[in-house]
Amino acid sequence: MTDDLRAILGPKGFTDDPVDMAPWLTDWRGRRTGRARALVSPASTQEAAAVARWAVANRVPIVPQGGNTSMVAGATPSADGDALILSTRRMARIRSISAEDDLLVAEAGVTLQTVHDAAEAAGRRFPLSLAAKGSATVGGLVSTNAGGTQVLRFGPMRALLLGIEAVLPDGSLFEGLSGLRKDNRGYDLRQLFAGAEGTLGIVTAAALRLVPAVAQRVVAWVGLPDAGSALTLLRRLEAATGDAVESFELVPANALALVLAHIPGTRAPLAGEHAWHVLVEATAVSAEPPLGSRIEAALADAAADGVVADAIVAASGAQADALWKLRESISEAERADGVAAKHDVSVPVAAMPGFIASARAATEARFPGTRVIAFGHLGDGNVHFNVRAPAASDGAAWLVGQGDEVSAFVHDLVGAAGGSISAEHGIGQLKLAEFARTAGSARLAAVRAIKAALDPLGIMNPGKLVPPPQA
Ligand code: FAD
Ligand code: MLT
Ligand code: ZN
């Protein structure tokens, strides 16, 4: 049946060889492995539309896949082997870039690193970054409404999205790449596709907002006694520098210890031991007034008041990058260290320090032997609250046996704090049951209605984001 797909896409765009498909059948965390009828890699929007029309005619599900860095197994097919994986990696052109309009149009398979490089070459910047920037693609970033380390100042992907081109599940093409800053013609499909996780159609290109290049960049690593002091420091730095702070990443001692243990070439950034650390980045698009002296003064005042225990300000770009490497290696280090029930949660920013302390105590008491690592985007109220399996346990067996109970426990604490069980990674398949359990009937009914309206045959990424109707 797939021979006509092979004819449409040619040998570069089609394989059903299990060996060729294997690298794309397991999610980044290794939590799910699926099977696929074939892996198709259209080279153009037109080819992607042809695949969609074929899939509709043959009632074959499509799993869109970009960099396969999803943290919720959103790009991993189910085990039934029925679906096509549609990879966007051959749709990797920067279609246009305009410094005057602060606009970049990229095809879905372009990586985030490539977007950064193209913006920089045009004297601009794309202000969204995350540790997977070398693999994560524009289509995936849009479809997960990715967050990352600059949300504090620039918002998540949907705040930087000025237009999309998408193949709808019937094979028709939505052309919305205008890049208009204002366009109030009814429902905003661009925003509907942001965070849709491939369940409404295939994003084939996106128009992205650029910002002026940076004239000043200050990166500091700070040691603090507790997470509450970190939030106090954030507010002091904002008072001292206006809106210059764009990243404010919380790193507990146990996360830093994992990085130093598992990531070659890393070393402790400060002399002493500190229970909590923060990586701060502030930027300015003008050379004056100087940013560094204001940050150093605010750090000195905070040290005098006992808010800060120690701090260094990077003296070079290389040193700044080395500090960022410590932060951005945490996921890799955690994966190397073993198994954890991982949570990507948000609560109101002011409540985060108290939430971390109380939720950590409650979780470690309720599940003896577990250890909580809570790190990440404190500035926008999002931490990765990861519960590591008891050291003496068989991690994989513990995760199978206890993981769901641990996650329900953590998510109920998040709910009680008025938070979200998914701050930036989306729902995928790993959070599907918890989304169904916690979302509320009105939200679930609306999500299912939107899905049914745009994908009535349910061929787009089945088993992700949209819980099946109650049995
Ligand atoms: P994939 O993993 O390929 O797919 C993700 C989802 O989007 C799937 O549901 C897929 O079906 C869908 N999709 C992909 N392409 C398309 C398309 N063209 N059309 C329609 N649907 C599509 N995420 C954050 O938000 N913040 C972080 O700080 C962060 N840090 C990370 C660090 C590491 C080390 C790793 C491995 C991941 C991290 N992530 C983070 C998660 C991940 O990188 C993001 O979710 C990213 O947006 C996924 O992009 P991708 O191209 O890999 O998408
Ligand atoms: C991060 O902030 O590093 C990512 O979201 C990845 C993770 O949660 O492990
Ligand atoms: Zn994150």
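Rules used in this analysis
Residues numbered from 1 in each chain as written. Chains lettered and ligands numbered in written order. Predicted model: local features only at pLDDT ≥ 70, side-chain atom pairs only at ≥ 80, totals over all residues. Heavy atoms only, no water. UniProt positions renumbered as here; feature names shortened; annotations may be inferred. Helix = DSSP H or I, 4+ residues; strand = E, 2+ residues; numbered from the N terminus. Rg over C-alpha atoms; globule rule 2.2 N^0.38 Å. Buried < 20%, exposed > 50% of the residue type's maximum accessible area, 1.4 Å probe, protein only. Contact = heavy atoms within 4.5 Å. Lys, Arg positive; Asp, Glu negative; His and termini not counted. Charge placed at Lys NZ, Arg CZ, Asp CG, Glu CD. 1 Å grid on protein atoms, 1.4 Å probe; cavity = no way out; pocket = protein on both sides within 12 Å on 5 of 7 lines; lining within 4 Å. Points joined across faces, edges and corners; volume = space filled by probe spheres on them. Nonpolar A, V, L, I, M, F, W, Y, C, P; charged D, E, K, R; others polar. Domains from an automatic or database assignment. Pairing = 2+ DSSP bridges. Axes fitted to C-alpha atoms, helices over the stretch in contact; angles between N-to-C directions. Phe/Tyr/Trp six-rings, centres within 6.5 Å; stacked < 30°, edge-to-face > 60°. Lys NZ or Arg CZ within 6 Å of the ring centre and 35° of its normal. Near = heavy atom within 4 Å. Polar contact = N/O pair within 3.5 Å; in protein donor to acceptor, adjacent residues only side chain to side chain. Areas by Shrake-Rupley, 256 points an atom, 1.4 Å probe, with all protein chains shown as cover. Sits in = over half its atoms within 2 Å of the grid points.

Looking at an unreviewed UniProt entry, one finds the protein chain named FAD/FMN-containing dehydrogenase, with Sphingomonas jatrophae as its source organism. The UniProt entry for the protein chain carries the following text under Sequence similarities (unreviewed entry): "Belongs to the FAD-binding oxidoreductase/transferase type 4 family." Reading the Cofactor (unreviewed entry) entry of the UniProt record for the protein chain gives the comment "FAD".

Draft legend 1. Inspection of the overall build of the protein chain at higher detail. Secondary structure summary: the protein chain contains 16 helices and 19 strands in total. The globule rule puts the C-alpha radius of gyration for 471 residues at 23 Å, and the 23 Å found for the protein chain is close to it. Judged by the C-alpha coordinates and their principal axes, the protein chain covers about 70 × 55 × 45 Å. By the burial criterion, 53% of the 471 residues in the protein chain qualify as buried. Considering only intrachain contacts with a sequence separation of at least 6, the fraction spanning at least 24 residues in the protein chain is 73%. A distance of 3 Å separates the average location of the 42 positive side-chain charges in the protein chain from that of its 48 negative side-chain charges.

Draft legend 2. Expanded view of the layout of surface pockets. Here the largest pocket is characterised by a volume of approximately 980 Å³. Lining of the largest pocket is provided by 49 residues; of these, T69, S70, M71, A132 and A136 occupy positions nearest its centre. Elements represented by at least two residues in the lining of the largest pocket include exactly β3 (62-65), α5 (138-143), β10 (202-209), α11 (317-328), α12 (330-337) and β19 (382-388). If you tally residues by element for the lining of the largest pocket, the top one is α5, at 4 residues. A class-by-class count of the residues in the lining of the largest pocket yields 15 nonpolar, 27 polar and 7 charged. Taken together, 33 residues line the second largest pocket, and the ones lying closest to its centre are G195, I427, F435, R443 and L465. For the lining of the second largest pocket, the elements supplying multiple residues, two or more each, are α7 (189-193), α14 (395-416), α15 (432-438) and α16 (441-454). In terms of residue class, the lining of the second largest pocket is made up of 14 nonpolar, 13 polar and 6 charged. For the lining of the second largest pocket, the domains that each give at least three residues are domain 2 (94-212) and domain 4 (338-373 + 382-416).

Draft legend 3. A look at the sheet that holds strand β12 (residues 216-224). Here we have 4 strands laid out as an open sheet, ordered β13-β14-β12-β15, and antiparallel in their pairing. Two strands close off the open sheet at either side, each with one partner strand: β13 (245-252) and β15 (310-313). Looking at each pair of strands side by side, their axes are set apart by 15° on average, direction ignored. Bridge count for β12 against strand β14 (residues 276-284) is 9 bridges, and the pairing is antiparallel. Paired with W221 across the two strands is L279, which belongs to β14. Helix-sheet contacts for helix α10 (residues 292-304) involve β12, β14 and β15, and the interaxial angle to β12 is about 10°.

Draft legend 4. Spatial organisation of the packing of aromatic side chains. All told, the structure shown has 2 aromatic pairs when counted by the stated rule. Plain terms: the ring middles of F355 and F385 are 5.9 Å apart, the flat faces sit at 55° to each other, and that makes the pair tilted. Here F385 lies in strand β19 and F355 lies in helix α13 (residues 352-366), a separation of 30 residues in the sequence. Aromatic pair F367 and F409: ring centres 5.5 Å apart, planes at 80°, arrangement edge-to-face. Here F409 lies in helix α14 and F367 lies in the loop between α13 and β18 (371-375), a separation of 42 residues in the sequence. Note that R335 overlies the ring of W28, its terminal NZ or CZ placed 3.8 Å from the centroid. Sitting over the ring of F367, R366 keeps its end group 4.6 Å from the ring centre.

Draft legend 5. Local environment of the site of ligand 2. All residues in the neighbourhood of ligand 2 are listed as M71, R327, S331, K342, F375, H377, H384, E424 and H425. At a separation of 2.7 Å, an oxygen atom of ligand 2 approaches a polar side-chain atom of S331. Between an oxygen atom of ligand 2 and a side-chain N or O atom of E424, the distance comes to 2.9 Å. For ligand 2, the accessible surface in isolation is 270 Å², of which the surrounding protein chains cover 88%. More than half of the atoms of ligand 2 fall within 2 Å of the grid points belonging to the largest pocket.

Draft legend 6. Here's a closer look at the site of ligand 1. Neighbouring residues of ligand 1: 36 residues in total, closest P64, G66, T69, T137 and T144. Here G148 contributes a backbone N or O atom positioned 3.2 Å from a nitrogen atom of ligand 1. When the free accessible area of ligand 1 is taken as 970 Å², the share hidden by the protein chains comes to 97%. According to the grid-proximity analysis, the pocket containing ligand 1 is the largest pocket. Counting only elements with at least two residues in the shell around ligand 1, the list comes to β3, α5 and β10. By residue class, the composition of the shell around ligand 1 is 13 nonpolar, 21 polar and 2 charged.

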